[in-house]
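# Structural characterization, general
Below are the chains, spelled out letter by letter.
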Amino acid sequence: MTTPFVNIHTHTETGSGIELVNIDDFDATPFATFASAGLHPWNVGKCDHQKTIATIENLCQSGRLAAVGEIGIDRTVRTDISLQMSVFEQQLDIAKQHQLPVIIHCVRAYSDFLQILRREQGIPMIFHGFSGNATTATQLLTHGANLSFGQKLLSDGKLQSVFTNIPNDCIFLETDTKQLDISDIYTFAASLKRIRVDELKTIIFSNLTKLFGNKWTTVG
Ligand SMILES: [Zn+2]
């Protein structure tokens, strides 16, 4: 088998390579094979959060999720930070109980996450759409985080230099909500790392199996 592309965070299933599909409608059918779900910080103030958290717990219990997320902290939205934090922590506990990796949405909240990472060692966390600077990247990586890069990598010179200089064993690529082909992000990212696309595929596939075992192969 040739090593597949891995899209670690998308809201739309395209059938190209391995895609961790973020489920936005928990009643959706059919449910993606390799799926993540979580109460996004943007939605915390807009729903009965205890009910939604219970739904996510049920989805984990029934084995339908490969990851919890995207969940996190966003300091650019008005929702009270202590409420965001409480909703995040409850979902982190669910991930811990079910030994699932977590997809993190983090906006202007890297210092919050450094504290979280210090006390929550051992839960694999993937910071999706990473856009921080080199210092932030180093600090997160020191605490075992993984960083996923998407559309911004294509145009942001500072982010390109961060990506180029971080170790390969913590990187992922994603399309998120963007109309992009994951293979185009791979091509660009491989050129930044000065490696071939197939080498990058091997690296990211190995990062995937380290965190998820062979979960993408099980039909949910
Ligand atoms: Zn997303």
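Keep in mind the model is a prediction, meaning the values are calculated, not measured. (Residues numbered from 1 in each chain as written. Predicted model: local features only at pLDDT ≥ 70, side-chain atom pairs only at ≥ 80, totals over all residues.)

### Observations concerning unusual backbone geometry
A cis amide bond links G69 with the next residue in sequence, E70, at an omega value of 0 degrees. Within the secondary structure, E70 is located in strand 4 (residues 67-74). Phi at Q99 is positive, roughly 50 degrees, even though this residue is not glycine. If you trace the backbone, Q99 turns up in the loop between helix 2 (81-97) and strand 5 (102-107). (Helix = DSSP H or I, 4+ residues; strand = E, 2+ residues; numbered from the N terminus.)

### Description of the sheet that holds strand 1 (residues 6-10)
Strand order in the open sheet formed by eight strands is 1-2-3-4-5-6-7-8, with parallel pairing between adjacent strands. Of all strands in the sheet, those bounded by a partner on one side alone are strand 1 and strand 8 (171-173). Direction aside, the axes of adjacent strands within the sheet are offset by 25 degrees on average. Bridge count for strand 5 against strand 6 (residues 125-127) is three bridges, and the pairing is parallel. Of the residues in strand 6, the one forming a bridge with I103 is I126. Contacts from helix 6 (residues 182-193) reach strand 1, strand 7 (146-149) and strand 8, with the element oriented near 140 degrees to strand 8. (Pairing = 2+ DSSP bridges. Axes fitted to C-alpha atoms, helices over the stretch in contact; angles between N-to-C directions. Contact = placed C-beta atoms within 7 Å.)

### Observations regarding the pairing of strand 1
Most of strand 1 is tucked away: five of the five residues are buried. Both strand 1 and strand 2 (residues 18-22) contribute to a ladder of three bridges, which runs parallel. When the sheet's bridge partners are listed, T10 is paired in strand 2 with V21. (Buried ≥ 20, exposed ≤ 12 C-beta atoms within 10 Å, placed from the backbone.)

### Notes on the domain arrangement of the protein
Domain assignment breaks the protein into domain 1 (24-100) and domain 2 (129-213). For domain 1 and domain 2, the distance between their C-alpha centres works out to 24 Å. (Domains from an automatic or database assignment.)

### A few points about the pairing of strand 4
Along strand 4, seven of the eight residues are buried, which leaves the element largely enclosed by surrounding structure. In terms of strand pairing, strand 3 (residues 35-37) meets strand 4 through two bridges, oriented parallel. The residue bridging S36 from the neighbouring strand is A67, located in strand 4. Pairing of strand 4 with strand 5 involves six bridges; the strand directions are parallel. Looking at the pairing, D74 lines up with V107 of strand 5. Note on the crossover from strand 4 through helix 2 to strand 5: the handedness is right-handed. (Right-handed = clockwise from strand over helix to strand, strands pointing away.)

### A short note on the environment of I104
The topology assignment puts I104 in strand 5. Residues I104 and G72, 32 residues apart in the sequence, show an inter-C-alpha distance of 5.3 Å. Aside from chain neighbours lying at most four places away, what touches I104 is G69, E70, I71, G72, F113, M125, I126, F127 and H128.

### Description of the packing of helix 1 (residues 49-61) against helix 2
Running from amino to carboxyl end, helix 1 crosses helix 2 at an angle of 15 degrees, the nearest separation of the two axes being 10 Å. Judged by the angle between their axes, helix 1 and helix 2 are roughly parallel. Judged by the sense of rotation from one axis to the other, the crossing of helix 1 with helix 2 is right-handed. From helix 1, H49, I53, I56, E57 and C60 reach across to helix 2, where they touch V87, Q90, Q91 and I94. Partitioned by chemical class, the residues of the contact of helix 1 with helix 2 number five nonpolar, three polar and one charged. (Parallel < 35°, antiparallel > 145°, perpendicular 65-115°, else oblique. Left-handed = near helix turned anticlockwise from the far one by under 90°. Nonpolar A, V, L, I, M, F, W, Y, C, P; charged D, E, K, R; others polar.)

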